[in-house]
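These are the residues of each chain, in order.
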Amino acid sequence: GYPDSLTLTTETVAYDYSCSRVTGAVKVCNGDYNATGWRGIAFIHGSGGGFIRAVTALMNEYYTGDPDKDDDEMAYVMCHELGHAWGLLHADM
């Protein structure tokens, strides 16, 4: 439809430990955020009216960055957090 309900593009940017939000975008940051208890976390930034204006998703390599493991766990966490970026909640909510 018009406008597109979802258009995906990627861009590689300089490392940003704080993972600052970008209006109109989903920003994903990988880093070692220490023993936080979460593998990934998404922050939804809205401006009222039920609209998502920006999303920052952090992938915690403290838990998922083990080079001896395959990438399946990181892929799962990434997909899970991107689901939140598109407005999906946890099944128990």
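Procedures and definitions
- Residues numbered from 1 in each chain as written.
- Predicted model: local features only at pLDDT ≥ 70, side-chain atom pairs only at ≥ 80, totals over all residues.
- Heavy atoms only, no water.
- Helix = DSSP H or I, 4+ residues; strand = E, 2+ residues; numbered from the N terminus.
- Buried < 20%, exposed > 50% of the residue type's maximum accessible area, 1.4 Å probe, protein only.
- Contact = heavy atoms within 4.5 Å.

S.K.: Can you walk me through unusual backbone geometry in this structure?
M.R.: Backbone geometry follows two general trends: most residues other than glycine have a negative phi, and most peptide bonds adopt the trans configuration. At C19, a position not held by glycine, the phi torsion is positive, near 55°. Its place among the elements puts C19 in the segment before strand 1 (26-31). With a relative accessible area of 3%, C19 lands in the buried category. A positive phi angle, near 70°, is found at N34, a position not held by glycine. Mapped onto the secondary structure, N34 falls in the loop between strand 1 and strand 2 (40-46).

S.K.: So what exactly am I meant to see when it comes to the environment of V77 here?
M.R.: Locating V77 in the fold gives a position in helix 2 (residues 72-85). If we skip the residues at most four places from it in the chain, V77 touches R39, G40, M59 and T64.

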